[in-house]
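# Survey of secondary and tertiary structure
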Amino acid sequence: MVGVLSACGSKGEVKDSAGGTKANSTAVTTSAGESKSSGSAESGETRTITYLDKTYTVPAKAQRIVITGSIESMEDALVLDVTPTGAITVGGKFPSLFTKITEGTVGIGEKTQPDLEGILKLKPDVILASTKFPAETLEKFAKISTTIPVSHISSDWEKNLNLLAELTGKQEQAKQLLEKYKSDLAEVRKTLNPVFKDKKVLAIRIRKGSICIYPQNVFFNPSIYEELGASVPDEVAAAKAQQLISLEKFSEINPDYVFIQFSEDENKETPKAFEELQNNPIWKSVNAVKNGHVYTNLVDPLTQGGTAYSKFAFLEALKNSTLMQAK
């Protein structure tokens, strides 16, 4: 396998953009240097896509897209109804969340354990990887095909969606979805901003039986703090990455509103962790619990939070929740 990858040249170049290129701008250029609006991988025509200040050369029409390591890209594919040629699995299968887009898709390994040989066999036009992968892993992908590391930072969610839209020719669909979201958000914010005023609001995930909090630009935090106007708790502001906190620390924070994500897939060794938390006197002493302001799995517990799909689903769930009637 090493020999095969060593002999396989990179199909696309990655370089810093220059000269004021706008993020996610696209140009299609033939080998003769003429610009065209369409093409195909088979014809050899290419275009350049600028994403997060780097420029990538891709086929003029990318048809075989492989997603590895990036649940964010899987969620974007769900929003745009894109079926990837190959995609990551969770526990050896595609989560039910992605049933709509994975019929005929080939599994190419787990989120942190990509199957390089499997990816190579699929002959992808583009590989959408994750910025969480180390440089040496990304280099291996690049020997197979043009590889774009997709950001896992929530604040890049629109750029991530527009990236996949450009690759698949669904820019107009993405534009309409974003416009609708921003319109709906304005209405929800009008109601919830006064509810959250002077209150502590916290989003947590239960993983391996532990309570996890996240930085303010990760998970559902941008939706809660930046978009809905809740104040950022000091503990969230200080977090640099996913951070495990004790139940005692959680009670010290003493949030007034709590959004919880709990998935059995992420708690296989501690399946009753959340049930045990709910029965703990310390948990019951927290304001959010005492006042009935705990919201569990408003959206699918495997959603990442900082993606178009997560944000759309979260906003829709809020619209239909008792929060909209809160005083």
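Notes on the structure in this doc start here. (Residues numbered from 1 in each chain as written. Predicted model: local features only at pLDDT ≥ 70, side-chain atom pairs only at ≥ 80, totals over all residues. Heavy atoms only, no water.)

## Observations regarding the pattern of salt bridges
Summed over the entire model, instances satisfying the criterion amount to ten salt bridges. The salt bridge involving Lys-190 is made with Glu-187; its shortest N-O contact spans 3.7 Å. Remark: Glu-187 and Lys-190 occur in helix 6 (residues 171–196); sequence separation between them is three residues, near one turn of the helix. Connected through salt bridges with shared partners, the residues Lys-180, Asp-184, Glu-316 and Lys-319 form a single ionic network. (Salt bridge = Lys/Arg side-chain N within 4 Å of Asp/Glu carboxyl O. Helix = DSSP H or I, 4+ residues; strand = E, 2+ residues; numbered from the N terminus.)

## Digging into the packing of helix 2 (residues 71–80) against helix 5 (residues 157–168)
Packing of helix 2 against helix 5 brings their axes to within 10 Å, and their N-to-C directions diverge by 60°. One element, helix 2, and the other, helix 5, form an angle in the oblique class. Helix-helix and strand crossings are classified by hand; for helix 2 and helix 5 the assignment is right-handed. Across the interface between the two elements, Glu-72, Ser-73, Asp-76, Ala-77, Val-79 and Leu-80 of helix 2 pack against Asn-160, Leu-161, Leu-164 and Ala-165 of helix 5. Grouping the amino acids of the contact of helix 2 with helix 5 by side-chain chemistry returns six nonpolar, two polar and two charged. (Axes fitted to C-alpha atoms, helices over the stretch in contact; angles between N-to-C directions. Parallel < 35°, antiparallel > 145°, perpendicular 65-115°, else oblique. Left-handed = near helix turned anticlockwise from the far one by under 90°. Contact = heavy atoms within 4.5 Å. Nonpolar A, V, L, I, M, F, W, Y, C, P; charged D, E, K, R; others polar.)

## Concerning the packing of helix 5 against helix 6
In a pair of packed helices, the angle between the axes and the distance between the axes together describe the arrangement. At a minimum axis separation of 8 Å, helix 5 and helix 6 run at an interaxial angle of 155°. As the angle between them shows, helix 5 and helix 6 are arranged roughly antiparallel. Residues Trp-157, Glu-158, Leu-161, Asn-162, Ala-165 and Glu-166 of helix 5 form the contact with helix 6, whose participating residues are Gln-171, Ala-174, Leu-178, Tyr-181 and Lys-182. In the contact of helix 5 with helix 6, the residues fall into six nonpolar, two polar and three charged.

## Quick notes on the packing of aromatic side chains
Under the counting rule described, the total for this entry stands at 13 aromatic pairs. Here Trp-157 and Phe-312 contribute two aromatic rings whose centre-to-centre distance is 6.2 Å and whose plane-to-plane angle is 90°, an arrangement assigned as edge-to-face. With a gap of 155 residues between them, Trp-157 in helix 5 and Phe-312 in helix 13 (residues 308–319) connect regions that are remote in the sequence. Relative to Phe-219, the ring of Tyr-214 lies with its centre 4.6 Å away and its plane at 35°, an arrangement referred to as tilted. Just as Tyr-214 is buried, Phe-219 falls in that class too. A connected cluster of aromatic rings, assembled from ring pairs, spans Tyr-214, Phe-219, Phe-220, Phe-259, Tyr-295 and Phe-314. (Phe/Tyr/Trp six-rings, centres within 6.5 Å; stacked < 30°, edge-to-face > 60°. Buried < 20%, exposed > 50% of the residue type's maximum accessible area, 1.4 Å probe, protein only.)

## Considerations on the nonpolar core
Grouped burial of nonpolar side chains is what soluble globular proteins tend to show. Grouped together as the largest cluster of nonpolar side chains are 89 residues, with contacts concentrated most on Leu-128, Phe-196, Ile-204, Phe-250 and Phe-259. A total of eight residues in this core trace back to one element, the largest contributor, which is helix 6. Here Phe-196 is in contact with Val-201, Leu-228, Ala-230, Tyr-257, Phe-259 and Leu-323, once residues within four sequence places are set aside. (Core = buried A, V, L, I, M, F, W, Y, C linked by side-chain atoms within 4.5 Å.)

## Observations concerning helix 13
Compared with an ideal rise of 1.5 Å per residue, which puts twelve residues at 16 Å, helix 13 spans 17 Å between its outermost C-alpha atoms and is within 8% of the ideal. Along helix 13, the positions that sit buried rather than exposed are Ala-308, Ser-310, Lys-311, Phe-312, Phe-314, Leu-315, Ala-317 and Leu-318. (Expected span 1.5 Å × (residues − 1).)

## Things to note about the sheet that holds strand 14 (residues 257–262)
A sheet is described by the order of its strands in space; here five strands give the open sequence 13-12-11-14-15, paired in mixed fashion. Edge positions in the sheet fall to strand 13 (243–245) and strand 15 (294–296), since each of these pairs with one other strand and no more. Taken over all neighbouring pairs, the strand axes of this sheet differ in orientation by 35° on average, direction set aside. Where strand 11 (residues 201–207) meets strand 12 (residues 210–213), three bridges bridge the pair, whose relative direction is antiparallel. The residue of strand 12 that forms the bridge with Arg-207 is Ser-210. (Pairing = 2+ DSSP bridges.)

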